[in-house]
Amino acid sequence: MNANLACASLEKNWIEGVVKKDEITRYLIDGKDFINDEKIWDRIIGNENPDPGRIRDIIRKSLTVETLDPDETAALLNVQDEDLWREIFEAAGEVKRRVYDNRIVTFAPLYFGNLCVNDCLYCAFRKDNGTEVRKRLSLDQVREETKAMISMGHKRLMLDCGEHPGTDADYIADVLRTIYETKIGRGEIRRININVASMSIEKLRMLNEVGIGTYQVFQETYHHKTYRDVHPNPEAPKSNYGWRLYSQHRAMDAGIDDVGIGVLFGLYDWRFEVMGLLYHALNLEEQFGVGPHTISIPRLQPAEGTPFIGSTGYRVCDDDFKKLVAIIRLSVPYTGLILTARESAQLRREVIPLGITQADAGTRIGIGAYGERYDEQEAKRQQFLLGDPRGLDEFIRELAERGYITSFCTAGYRCGRTGEHIMQLLKCGQEGRFCKLNAVLTFREWLDDFASEQTKQAGERIIQKELDEISREMPSVYPKLTEYYKRIEDGERDLFF
Ligand code: SAM
Ligand code: SF4
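Residues numbered from 1 in each chain as written. Chains lettered and ligands numbered in written order. Predicted model: local features only at pLDDT ≥ 70, side-chain atom pairs only at ≥ 80, totals over all residues. Heavy atoms only, no water.

Taken together, Cys-116, Asn-118, Cys-120, Tyr-122, Cys-123, Phe-125, Arg-126, Gly-162, Lys-238 and Gln-383 form the complete shell of residues around ligand 2. Assessed atom by atom at 2 Å from the grid points, ligand 2 resides in the largest cavity. Within the shell around ligand 2, the residues separate by chemical class into five nonpolar, three polar and two charged. (Near = heavy atom within 4 Å. 1 Å grid on protein atoms, 1.4 Å probe; cavity = no way out; pocket = protein on both sides within 12 Å on 5 of 7 lines; lining within 4 Å. Sits in = over half its atoms within 2 Å of the grid points. Nonpolar A, V, L, I, M, F, W, Y, C, P; charged D, E, K, R; others polar.)

With that settled, consider the site of ligand 1. In the vicinity of ligand 1, 20 residues are found, and the nearest of them are Tyr-122, Glu-220, Lys-238, Arg-244 and Gln-301. At 2.8 Å from an oxygen atom of ligand 1 is found a side-chain nitrogen or oxygen belonging to Lys-238. Within the side chain of Arg-342, an N or O atom sits 2.9 Å from a nitrogen atom of ligand 1. Look at ligand 1: alone it shows 560 Å² of surface, and the protein chains cover 96% of it. Applying the majority rule of atoms within 2 Å of the grid points places ligand 1 in the largest cavity. Its residues placed into classes, the shell around ligand 1 shows 10 nonpolar, four polar and six charged. (Polar contact = N/O pair within 3.5 Å; in protein donor to acceptor, adjacent residues only side chain to side chain. Areas by Shrake-Rupley, 256 points an atom, 1.4 Å probe, with all protein chains shown as cover.)

In this model helix 4 (residues 52–63) runs 17 Å from its N-terminal to its C-terminal C-alpha over 12 residues, within 8% of the 16 Å that 1.5 Å per residue would give. Taken together, the buried positions of helix 4 are occupied by Ile-55, Ile-58, Ile-59 and Ser-62. Looking straight down helix 4, one finds its buried side chains confined to an arc of 100°; they lie on one side. The N-terminus of helix 4 is capped by Asp-51, whose side-chain oxygen sits 3.1 Å from the backbone nitrogen of Gly-53. (Helix = DSSP H or I, 4+ residues; strand = E, 2+ residues; numbered from the N terminus. Expected span 1.5 Å × (residues − 1). Buried < 20%, exposed > 50% of the residue type's maximum accessible area, 1.4 Å probe, protein only. Arc of directions from axis to C-beta.)

Before going further, it helps to spend a moment on the side chain of Glu-23. Among the structural elements, Glu-23 can be located in helix 2 (residues 22–25). Although Glu-23 is buried, it forms no salt bridge, and the closest oppositely charged side chain is Arg-250 at an N-O distance of 4.1 Å. There is a polar contact of 2.9 Å between the side chain of Glu-23 and the backbone nitrogen of Ile-201. Those residues in contact with Glu-23 that lie beyond four places of it in its chain are Ser-200, Ile-201, Trp-243, Tyr-246 and Arg-250. (Lys, Arg positive; Asp, Glu negative; His and termini not counted. Salt bridge = Lys/Arg side-chain N within 4 Å of Asp/Glu carboxyl O. Contact = heavy atoms within 4.5 Å.)

Laid out in C-alpha coordinates, this is it:
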(Lines give C-alpha, C1' and ligand atoms only; values in the text may rest on other atoms or scores of the structure.)
(Ligands and ions follow the chains in the order given, each with its own letter.)
Protein backbone atom coordinates (compact mmCIF):
# COMPACT_ATOMS: atom_id res chain seq x y z
CA MET A 1 0.00 0.00 0.00
CA ASN A 2 1.43 3.46 -0.81
CA ALA A 3 1.79 6.07 1.93
CA ASN A 4 -1.22 8.15 0.83
CA LEU A 5 -3.54 5.17 0.83
CA ALA A 6 -2.28 4.02 4.23
CA CYS A 7 -2.89 7.51 5.58
CA ALA A 8 -6.41 7.65 4.12
CA SER A 9 -7.23 4.27 5.60
CA LEU A 10 -5.94 5.30 9.04
CA GLU A 11 -8.06 8.46 8.84
CA LYS A 12 -11.10 6.42 7.82
CA ASN A 13 -10.63 4.06 10.78
CA TRP A 14 -10.26 6.99 13.11
CA ILE A 15 -13.43 8.64 11.78
CA GLU A 16 -15.40 5.41 12.24
CA GLY A 17 -14.39 5.28 15.89
CA VAL A 18 -15.44 8.84 16.80
CA VAL A 19 -19.18 8.52 17.37
CA LYS A 20 -20.15 6.20 20.23
CA LYS A 21 -23.81 5.38 19.62
CA ASP A 22 -24.47 4.36 23.23
CA GLU A 23 -23.26 7.82 24.33
CA ILE A 24 -26.20 9.30 22.44
CA THR A 25 -28.96 6.79 23.15
CA ARG A 26 -28.44 6.87 26.93
CA TYR A 27 -29.71 10.47 26.95
CA LEU A 28 -32.72 10.01 24.66
CA ILE A 29 -36.20 9.86 26.12
CA ASP A 30 -38.48 7.34 24.37
CA GLY A 31 -35.86 7.27 21.62
CA LYS A 32 -36.19 11.01 20.98
CA ASP A 33 -33.93 14.00 21.62
CA PHE A 34 -35.20 17.10 23.40
CA ILE A 35 -35.57 19.27 20.28
CA ASN A 36 -39.03 18.81 18.81
CA ASP A 37 -39.04 20.98 15.65
CA GLU A 38 -42.80 20.95 15.28
CA LYS A 39 -43.42 21.81 18.91
CA ILE A 40 -41.00 24.73 18.70
CA TRP A 41 -42.86 26.18 15.72
CA ASP A 42 -46.20 25.55 17.46
CA ARG A 43 -44.99 27.57 20.43
CA ILE A 44 -43.70 30.42 18.28
CA ILE A 45 -46.93 30.59 16.30
CA GLY A 46 -49.12 29.95 19.34
CA ASN A 47 -47.71 33.04 21.06
CA GLU A 48 -48.24 35.51 18.24
CA ASN A 49 -49.58 38.98 19.11
CA PRO A 50 -48.75 38.80 22.81
CA ASP A 51 -50.56 41.14 25.16
CA PRO A 52 -48.26 44.00 26.38
CA GLY A 53 -49.28 43.25 29.98
CA ARG A 54 -48.07 39.67 29.59
CA ILE A 55 -44.75 40.82 28.11
CA ARG A 56 -44.24 43.13 31.09
CA ASP A 57 -44.98 40.22 33.48
CA ILE A 58 -42.37 38.13 31.64
CA ILE A 59 -39.83 40.95 31.93
CA ARG A 60 -40.55 41.17 35.68
CA LYS A 61 -39.94 37.42 36.01
CA SER A 62 -36.55 37.74 34.25
CA LEU A 63 -35.58 40.54 36.58
CA THR A 64 -35.87 38.06 39.45
CA VAL A 65 -33.18 36.02 37.62
CA GLU A 66 -35.50 33.12 36.85
CA THR A 67 -35.22 31.05 33.68
CA LEU A 68 -38.20 31.63 31.39
CA ASP A 69 -40.39 28.82 30.13
CA PRO A 70 -40.63 28.18 26.37
CA ASP A 71 -44.02 29.93 26.00
CA GLU A 72 -42.63 33.03 27.67
CA THR A 73 -39.59 33.15 25.39
CA ALA A 74 -41.84 32.52 22.38
CA ALA A 75 -44.00 35.48 23.42
CA LEU A 76 -40.92 37.75 23.56
CA LEU A 77 -39.95 36.54 20.07
CA ASN A 78 -43.30 37.80 18.80
CA VAL A 79 -43.10 41.37 20.13
CA GLN A 80 -43.66 43.94 17.38
CA ASP A 81 -44.19 47.14 19.34
CA GLU A 82 -41.13 49.45 19.36
CA ASP A 83 -41.83 50.76 22.88
CA LEU A 84 -41.98 47.22 24.24
CA TRP A 85 -38.68 46.45 22.52
CA ARG A 86 -37.12 49.44 24.30
CA GLU A 87 -38.35 47.99 27.60
CA ILE A 88 -36.92 44.57 26.70
CA PHE A 89 -33.52 46.07 25.85
CA GLU A 90 -33.44 48.01 29.09
CA ALA A 91 -34.46 44.97 31.12
CA ALA A 92 -31.78 42.83 29.43
CA GLY A 93 -29.11 45.33 30.51
CA GLU A 94 -30.58 45.41 34.02
CA VAL A 95 -30.59 41.60 34.35
CA LYS A 96 -26.94 41.54 33.32
CA ARG A 97 -26.10 44.20 35.93
CA ARG A 98 -27.96 42.29 38.65
CA VAL A 99 -26.06 39.08 37.98
CA TYR A 100 -22.71 40.31 36.64
CA ASP A 101 -22.65 44.01 37.58
CA ASN A 102 -20.45 46.11 35.21
CA ARG A 103 -17.91 43.35 34.55
CA ILE A 104 -16.83 42.10 31.15
CA VAL A 105 -14.52 39.10 30.99
CA THR A 106 -12.08 39.15 28.06
CA PHE A 107 -10.26 36.32 26.36
CA ALA A 108 -8.65 35.53 23.02
CA PRO A 109 -8.91 32.46 20.82
CA LEU A 110 -5.86 30.39 19.94
CA TYR A 111 -6.34 28.41 16.74
CA PHE A 112 -3.75 25.66 16.65
CA GLY A 113 -4.89 23.54 13.70
CA ASN A 114 -7.15 23.78 10.66
CA LEU A 115 -7.05 20.15 9.53
CA CYS A 116 -10.59 18.83 9.46
CA VAL A 117 -12.40 15.67 8.41
CA ASN A 118 -15.79 17.42 8.30
CA ASP A 119 -17.43 19.33 5.52
CA CYS A 120 -19.52 21.97 7.26
CA LEU A 121 -20.65 24.08 4.32
CA TYR A 122 -20.17 27.41 6.11
CA CYS A 123 -16.59 26.98 7.36
CA ALA A 124 -13.29 27.65 5.58
CA PHE A 125 -11.67 24.71 7.40
CA ARG A 126 -14.02 22.22 5.73
CA LYS A 127 -12.25 19.30 4.14
CA ASP A 128 -13.31 20.13 0.59
CA ASN A 129 -11.96 23.68 0.66
CA GLY A 130 -8.91 23.42 -1.59
CA THR A 131 -7.94 27.09 -1.07
CA GLU A 132 -7.22 26.54 2.62
CA VAL A 133 -3.52 26.23 3.57
CA ARG A 134 -3.52 23.40 6.16
CA LYS A 135 -1.43 23.53 9.27
CA ARG A 136 -1.11 22.12 12.77
CA LEU A 137 1.10 24.05 15.19
CA SER A 138 3.90 22.02 16.75
CA LEU A 139 4.19 22.24 20.53
CA ASP A 140 7.16 24.62 20.08
CA GLN A 141 4.99 26.82 17.91
CA VAL A 142 2.20 26.65 20.49
CA ARG A 143 4.76 27.87 23.05
CA GLU A 144 5.70 30.79 20.77
CA GLU A 145 2.06 31.71 20.19
CA THR A 146 1.39 31.55 23.91
CA LYS A 147 4.34 33.83 24.64
CA ALA A 148 3.08 36.33 22.06
CA MET A 149 -0.38 36.24 23.65
CA ILE A 150 0.98 36.61 27.18
CA SER A 151 2.99 39.64 26.02
CA MET A 152 -0.23 41.19 24.71
CA GLY A 153 -1.72 40.83 28.21
CA HIS A 154 -3.97 37.83 27.73
CA LYS A 155 -4.75 35.59 30.73
CA ARG A 156 -7.63 33.53 29.35
CA LEU A 157 -7.56 31.55 26.14
CA MET A 158 -10.11 29.77 24.04
CA LEU A 159 -8.48 26.87 22.20
CA ASP A 160 -9.89 26.14 18.75
CA CYS A 161 -9.16 23.57 16.05
CA GLY A 162 -10.79 21.43 13.38
CA GLU A 163 -11.71 17.79 13.98
CA HIS A 164 -8.89 15.53 12.86
CA PRO A 165 -6.81 12.60 14.14
CA GLY A 166 -3.81 14.98 14.19
CA THR A 167 -5.58 17.27 16.66
CA ASP A 168 -7.42 14.63 18.67
CA ALA A 169 -7.81 14.69 22.46
CA ASP A 170 -4.22 13.49 23.12
CA TYR A 171 -2.77 16.35 21.11
CA ILE A 172 -5.17 18.84 22.68
CA ALA A 173 -3.97 17.63 26.09
CA ASP A 174 -0.34 18.25 25.04
CA VAL A 175 -1.29 21.72 23.82
CA LEU A 176 -3.04 22.46 27.15
CA ARG A 177 0.02 21.38 29.14
CA THR A 178 2.33 23.40 26.92
CA ILE A 179 0.28 26.56 27.37
CA TYR A 180 -0.01 26.19 31.15
CA GLU A 181 3.77 25.63 31.42
CA THR A 182 4.65 28.71 29.36
CA LYS A 183 5.46 31.80 31.43
CA ILE A 184 7.19 35.05 30.70
CA GLY A 185 8.19 37.06 33.72
CA ARG A 186 5.01 37.52 35.73
CA GLY A 187 2.79 36.75 32.75
CA GLU A 188 0.98 33.44 32.27
CA ILE A 189 -2.24 31.98 30.91
CA ARG A 190 -4.45 31.00 33.84
CA ARG A 191 -7.56 29.60 32.24
CA ILE A 192 -7.98 27.69 28.99
CA ASN A 193 -11.46 27.10 27.63
CA ILE A 194 -11.83 24.83 24.65
CA ASN A 195 -14.04 25.04 21.58
CA VAL A 196 -13.31 21.77 19.85
CA ALA A 197 -15.15 18.80 18.38
CA SER A 198 -17.78 16.69 20.14
CA MET A 199 -16.01 13.92 22.02
CA SER A 200 -16.55 10.71 23.93
CA ILE A 201 -16.82 10.70 27.71
CA GLU A 202 -13.46 8.95 27.97
CA LYS A 203 -11.63 11.65 25.99
CA LEU A 204 -13.40 14.44 27.86
CA ARG A 205 -12.47 12.88 31.18
CA MET A 206 -8.83 12.88 30.12
CA LEU A 207 -8.98 16.56 29.08
CA ASN A 208 -10.68 17.44 32.35
CA GLU A 209 -7.81 15.86 34.25
CA VAL A 210 -5.30 18.05 32.41
CA GLY A 211 -7.38 21.08 33.38
CA ILE A 212 -9.84 22.98 31.25
CA GLY A 213 -12.16 25.83 32.06
CA THR A 214 -15.28 25.65 29.90
CA TYR A 215 -15.92 23.00 27.24
CA GLN A 216 -17.77 24.76 24.50
CA VAL A 217 -19.57 23.21 21.52
CA PHE A 218 -22.03 25.02 19.27
CA GLN A 219 -24.95 23.08 17.89
CA GLU A 220 -24.73 25.43 14.86
CA THR A 221 -28.44 24.88 14.16
CA TYR A 222 -31.05 23.09 16.26
CA HIS A 223 -33.27 22.50 13.22
CA HIS A 224 -32.85 18.84 12.27
CA LYS A 225 -33.26 19.16 8.50
CA THR A 226 -31.06 22.24 8.22
CA TYR A 227 -28.45 20.46 10.32
CA ARG A 228 -28.42 17.60 7.80
CA ASP A 229 -28.27 20.02 4.85
CA VAL A 230 -25.27 22.01 6.09
CA HIS A 231 -23.38 18.88 7.18
CA PRO A 232 -23.93 16.87 4.02
CA ASN A 233 -21.22 14.20 4.30
CA PRO A 234 -22.87 11.33 6.22
CA GLU A 235 -19.49 9.71 6.96
CA ALA A 236 -18.19 12.81 8.77
CA PRO A 237 -18.68 12.65 12.56
CA LYS A 238 -20.21 16.12 12.73
CA SER A 239 -23.09 15.08 10.47
CA ASN A 240 -24.54 13.19 13.46
CA TYR A 241 -27.02 15.61 15.07
CA GLY A 242 -27.45 13.56 18.25
CA TRP A 243 -23.70 13.20 18.79
CA ARG A 244 -23.40 16.98 18.61
CA LEU A 245 -26.50 17.70 20.73
CA TYR A 246 -25.34 15.64 23.68
CA SER A 247 -21.74 16.93 23.72
CA GLN A 248 -22.39 18.88 26.90
CA HIS A 249 -24.22 15.96 28.53
CA ARG A 250 -21.19 13.77 27.96
CA ALA A 251 -18.94 16.52 29.30
CA MET A 252 -21.00 16.70 32.49
CA ASP A 253 -20.77 12.93 32.82
CA ALA A 254 -17.01 13.24 32.36
CA GLY A 255 -16.86 15.60 35.33
CA ILE A 256 -16.62 18.89 33.39
CA ASP A 257 -18.93 21.26 35.25
CA ASP A 258 -18.72 24.31 33.01
CA VAL A 259 -20.13 23.76 29.55
CA GLY A 260 -20.94 26.24 26.81
CA ILE A 261 -23.64 26.02 24.15
CA GLY A 262 -24.17 28.14 21.05
CA VAL A 263 -25.75 28.61 17.66
CA LEU A 264 -24.24 29.81 14.41
CA PHE A 265 -26.86 32.41 13.56
CA GLY A 266 -27.56 32.57 9.84
CA LEU A 267 -28.18 28.89 9.09
CA TYR A 268 -31.88 28.82 10.02
CA ASP A 269 -34.62 31.10 11.42
CA TRP A 270 -33.14 32.92 14.43
CA ARG A 271 -36.36 32.67 16.44
CA PHE A 272 -36.28 28.87 16.20
CA GLU A 273 -32.62 28.85 17.24
CA VAL A 274 -33.30 30.98 20.33
CA MET A 275 -35.94 28.42 21.35
CA GLY A 276 -33.40 25.63 20.70
CA LEU A 277 -30.89 27.29 23.03
CA LEU A 278 -33.54 27.61 25.72
CA TYR A 279 -34.57 23.94 25.43
CA HIS A 280 -30.90 22.96 25.60
CA ALA A 281 -30.38 25.02 28.76
CA LEU A 282 -33.56 23.60 30.33
CA ASN A 283 -32.58 20.03 29.50
CA LEU A 284 -29.14 20.42 31.07
CA GLU A 285 -30.76 21.94 34.16
CA GLU A 286 -33.24 19.08 34.31
CA GLN A 287 -30.71 16.28 33.83
CA PHE A 288 -27.73 17.67 35.74
CA GLY A 289 -29.19 20.37 38.00
CA VAL A 290 -27.08 23.00 36.25
CA GLY A 291 -27.51 24.90 32.99
CA PRO A 292 -24.83 26.06 30.57
CA HIS A 293 -22.03 28.23 31.92
CA THR A 294 -22.05 30.26 28.70
CA ILE A 295 -24.09 30.80 25.57
CA SER A 296 -22.30 31.91 22.39
CA ILE A 297 -23.97 33.75 19.57
CA PRO A 298 -21.62 33.65 16.55
CA ARG A 299 -23.15 35.08 13.39
CA LEU A 300 -22.27 33.66 9.99
CA GLN A 301 -19.37 35.56 8.36
CA PRO A 302 -17.82 35.36 4.90
CA ALA A 303 -15.10 32.70 4.73
CA GLU A 304 -12.33 32.16 2.17
CA GLY A 305 -13.22 29.63 -0.54
CA THR A 306 -16.63 29.09 1.05
CA PRO A 307 -19.56 30.45 -0.96
CA PHE A 308 -22.28 29.14 1.40
CA ILE A 309 -23.10 32.55 2.90
CA GLY A 310 -24.43 33.69 -0.47
CA SER A 311 -27.05 30.93 -0.53
CA THR A 312 -28.56 30.98 2.96
CA GLY A 313 -31.92 32.65 3.25
CA TYR A 314 -31.50 33.18 7.00
CA ARG A 315 -28.82 35.83 7.48
CA VAL A 316 -29.57 37.81 10.62
CA CYS A 317 -29.63 41.61 10.29
CA ASP A 318 -28.19 43.85 13.02
CA ASP A 319 -31.61 44.77 14.44
CA ASP A 320 -32.66 41.15 14.81
CA PHE A 321 -29.25 40.30 16.25
CA LYS A 322 -29.82 42.85 19.04
CA LYS A 323 -33.27 41.39 19.67
CA LEU A 324 -32.00 37.85 19.95
CA VAL A 325 -29.25 38.90 22.37
CA ALA A 326 -31.78 40.63 24.63
CA ILE A 327 -34.20 37.69 24.53
CA ILE A 328 -31.48 35.17 25.37
CA ARG A 329 -30.37 37.43 28.24
CA LEU A 330 -33.92 37.52 29.63
CA SER A 331 -34.60 33.82 29.00
CA VAL A 332 -31.50 32.39 30.72
CA PRO A 333 -30.53 35.25 33.03
CA TYR A 334 -27.73 33.59 35.04
CA THR A 335 -25.68 32.40 32.08
CA GLY A 336 -22.60 34.08 30.63
CA LEU A 337 -23.21 35.50 27.15
CA ILE A 338 -20.28 35.63 24.72
CA LEU A 339 -19.99 38.13 21.87
CA THR A 340 -16.99 37.58 19.61
CA ALA A 341 -14.86 39.79 17.39
CA ARG A 342 -16.69 38.31 14.41
CA GLU A 343 -18.85 41.44 14.82
CA SER A 344 -17.71 44.98 13.96
CA ALA A 345 -16.50 47.37 16.65
CA GLN A 346 -19.58 49.55 16.18
CA LEU A 347 -22.02 46.67 16.57
CA ARG A 348 -20.15 45.38 19.63
CA ARG A 349 -20.56 48.84 21.18
CA GLU A 350 -24.31 48.60 20.68
CA VAL A 351 -24.74 44.96 21.70
CA ILE A 352 -22.58 44.76 24.84
CA PRO A 353 -25.06 46.82 26.91
CA LEU A 354 -27.82 44.30 26.08
CA GLY A 355 -26.44 41.67 28.40
CA ILE A 356 -23.04 40.51 27.16
CA THR A 357 -20.68 39.20 29.85
CA GLN A 358 -17.67 38.02 27.81
CA ALA A 359 -15.92 39.29 24.70
CA ASP A 360 -12.68 38.43 22.96
CA ALA A 361 -10.26 41.19 22.00
CA GLY A 362 -6.86 41.50 20.40
CA THR A 363 -8.10 38.49 18.47
CA ARG A 364 -6.26 36.71 15.66
CA ILE A 365 -7.75 33.63 14.13
CA GLY A 366 -5.10 32.55 11.62
CA ILE A 367 -3.05 29.49 12.60
CA GLY A 368 0.13 30.92 14.09
CA ALA A 369 -1.26 34.44 13.75
CA TYR A 370 -0.01 35.87 17.05
CA GLY A 371 3.63 35.16 16.17
CA GLU A 372 5.78 37.62 14.25
CA ARG A 373 6.12 35.59 11.08
CA TYR A 374 2.41 35.77 10.26
CA ASP A 375 1.88 37.36 6.84
CA GLU A 376 -0.80 37.89 4.19
CA GLN A 377 -0.41 34.38 2.79
CA GLU A 378 -1.13 33.02 6.26
CA ALA A 379 -4.50 34.74 6.17
CA LYS A 380 -5.55 31.68 4.21
CA ARG A 381 -5.43 29.74 7.44
CA GLN A 382 -8.39 31.66 8.84
CA GLN A 383 -11.76 30.12 9.54
CA PHE A 384 -13.76 33.26 8.64
CA LEU A 385 -13.15 37.00 8.34
CA LEU A 386 -12.90 39.03 11.53
CA GLY A 387 -15.11 42.11 12.16
CA ASP A 388 -13.34 43.82 15.07
CA PRO A 389 -9.54 43.83 14.69
CA ARG A 390 -8.89 46.23 17.61
CA GLY A 391 -6.13 45.40 20.06
CA LEU A 392 -6.76 44.46 23.69
CA ASP A 393 -5.56 47.81 25.08
CA GLU A 394 -7.89 49.83 22.86
CA PHE A 395 -10.85 47.54 23.58
CA ILE A 396 -10.31 47.67 27.33
CA ARG A 397 -9.89 51.46 27.26
CA GLU A 398 -13.20 51.87 25.49
CA LEU A 399 -14.93 49.57 27.97
CA ALA A 400 -13.48 51.57 30.88
CA GLU A 401 -14.61 54.85 29.32
CA ARG A 402 -18.11 53.38 29.12
CA GLY A 403 -18.15 52.31 32.76
CA TYR A 404 -17.19 48.63 32.45
CA ILE A 405 -14.40 46.94 34.37
CA THR A 406 -12.50 44.24 32.47
CA SER A 407 -12.11 41.15 34.58
CA PHE A 408 -9.24 38.72 34.08
CA CYS A 409 -10.47 36.65 36.98
CA THR A 410 -9.72 32.95 36.65
CA ALA A 411 -10.37 32.07 40.28
CA GLY A 412 -13.70 30.27 39.79
CA TYR A 413 -12.57 26.87 38.57
CA ARG A 414 -9.37 27.00 40.61
CA CYS A 415 -11.37 27.27 43.86
CA GLY A 416 -14.13 24.87 42.88
CA ARG A 417 -16.66 27.60 42.10
CA THR A 418 -17.94 25.84 38.98
CA GLY A 419 -21.03 24.05 37.75
CA GLU A 420 -23.92 23.80 40.16
CA HIS A 421 -22.00 25.60 42.88
CA ILE A 422 -21.36 28.70 40.76
CA MET A 423 -24.93 28.69 39.40
CA GLN A 424 -26.33 28.73 42.94
CA LEU A 425 -24.01 31.59 43.82
CA LEU A 426 -25.00 33.49 40.66
CA LYS A 427 -28.70 32.94 41.24
CA CYS A 428 -28.55 34.30 44.77
CA GLY A 429 -26.19 37.13 43.82
CA GLN A 430 -23.29 35.73 45.90
CA GLU A 431 -20.87 34.89 43.08
CA GLY A 432 -20.96 38.58 42.18
CA ARG A 433 -19.19 39.35 45.46
CA PHE A 434 -16.17 37.19 44.62
CA CYS A 435 -16.18 38.40 41.04
CA LYS A 436 -16.26 42.05 41.98
CA LEU A 437 -13.25 41.66 44.27
CA ASN A 438 -11.31 39.53 41.81
CA ALA A 439 -12.10 41.89 38.93
CA VAL A 440 -10.49 44.75 40.84
CA LEU A 441 -7.39 42.70 41.69
CA THR A 442 -6.88 41.29 38.20
CA PHE A 443 -7.56 44.63 36.54
CA ARG A 444 -5.00 46.27 38.85
CA GLU A 445 -2.44 43.67 37.75
CA TRP A 446 -3.25 44.18 34.10
CA LEU A 447 -3.08 47.99 34.27
CA ASP A 448 0.32 47.81 35.93
CA ASP A 449 1.75 45.20 33.56
CA PHE A 450 0.24 45.95 30.16
CA ALA A 451 -1.83 49.12 29.85
CA SER A 452 -0.86 52.17 27.78
CA GLU A 453 -0.83 55.48 29.66
CA GLN A 454 -4.21 56.47 28.22
CA THR A 455 -5.84 53.17 29.15
CA LYS A 456 -4.32 53.32 32.61
CA GLN A 457 -5.99 56.68 33.22
CA ALA A 458 -9.41 55.38 32.15
CA GLY A 459 -8.84 52.19 34.17
CA GLU A 460 -7.84 54.04 37.37
CA ARG A 461 -11.16 55.88 37.37
CA ILE A 462 -13.09 52.61 37.19
CA ILE A 463 -10.97 50.93 39.85
CA GLN A 464 -11.47 53.86 42.23
CA LYS A 465 -15.23 53.68 41.72
CA GLU A 466 -15.19 49.92 42.42
CA LEU A 467 -13.10 50.34 45.56
CA ASP A 468 -15.52 53.00 46.85
CA GLU A 469 -18.48 50.69 46.20
CA ILE A 470 -16.81 47.74 47.90
CA SER A 471 -15.91 49.80 50.97
CA ARG A 472 -19.58 50.83 51.27
CA GLU A 473 -21.30 47.57 50.32
CA MET A 474 -18.88 44.93 51.63
CA PRO A 475 -17.16 46.53 54.62
CA SER A 476 -16.26 43.12 56.12
CA VAL A 477 -14.01 42.11 53.20
CA TYR A 478 -12.68 45.57 52.41
CA PRO A 479 -9.59 45.36 54.68
CA LYS A 480 -8.55 42.04 53.10
CA LEU A 481 -9.10 43.48 49.64
CA THR A 482 -6.96 46.53 50.34
CA GLU A 483 -4.23 44.26 51.73
CA TYR A 484 -4.23 42.17 48.49
CA TYR A 485 -4.45 45.33 46.40
CA LYS A 486 -1.38 46.82 48.08
CA ARG A 487 0.57 43.56 47.67
CA ILE A 488 -0.25 43.58 43.95
CA GLU A 489 0.91 47.20 43.66
CA ASP A 490 4.13 46.04 45.31
CA GLY A 491 4.62 43.37 42.63
CA GLU A 492 2.89 40.19 43.89
CA ARG A 493 0.64 38.44 41.39
CA ASP A 494 -2.33 36.05 41.23
CA LEU A 495 -3.98 36.90 44.55
CA PHE A 496 -7.67 36.13 44.58
CA PHE A 497 -10.75 35.47 46.72
N1 SAM B 1 -14.25 22.35 14.74
C2 SAM B 1 -14.89 22.45 15.99
C3 SAM B 1 -16.38 22.41 15.83
O4 SAM B 1 -16.85 22.52 14.71
O5 SAM B 1 -17.04 22.27 16.84
C6 SAM B 1 -14.43 23.68 16.69
C7 SAM B 1 -15.17 24.87 16.47
S8 SAM B 1 -14.83 25.98 15.23
C9 SAM B 1 -13.17 26.27 15.39
C10 SAM B 1 -15.70 27.27 16.08
C11 SAM B 1 -17.02 27.66 15.54
O12 SAM B 1 -16.81 28.60 14.50
C13 SAM B 1 -17.93 26.65 14.91
O14 SAM B 1 -18.58 25.88 15.88
C15 SAM B 1 -18.86 27.53 14.10
O16 SAM B 1 -20.01 27.89 14.86
C17 SAM B 1 -18.05 28.80 13.88
N18 SAM B 1 -17.90 29.09 12.46
C19 SAM B 1 -17.56 28.26 11.47
N20 SAM B 1 -17.60 28.90 10.28
C21 SAM B 1 -17.99 30.16 10.54
C22 SAM B 1 -18.25 31.30 9.71
N23 SAM B 1 -18.14 31.26 8.39
N24 SAM B 1 -18.65 32.45 10.31
C25 SAM B 1 -18.76 32.52 11.65
N26 SAM B 1 -18.53 31.48 12.47
C27 SAM B 1 -18.16 30.30 11.92
FE1 SF4 C 1 -14.28 21.52 10.81
FE2 SF4 C 1 -15.41 22.81 12.88
FE3 SF4 C 1 -15.09 24.03 10.54
FE4 SF4 C 1 -16.86 22.12 10.74
S5 SF4 C 1 -16.90 24.08 11.84
S6 SF4 C 1 -15.39 22.34 9.07
S7 SF4 C 1 -15.87 20.74 12.18
S8 SF4 C 1 -13.50 23.32 11.88
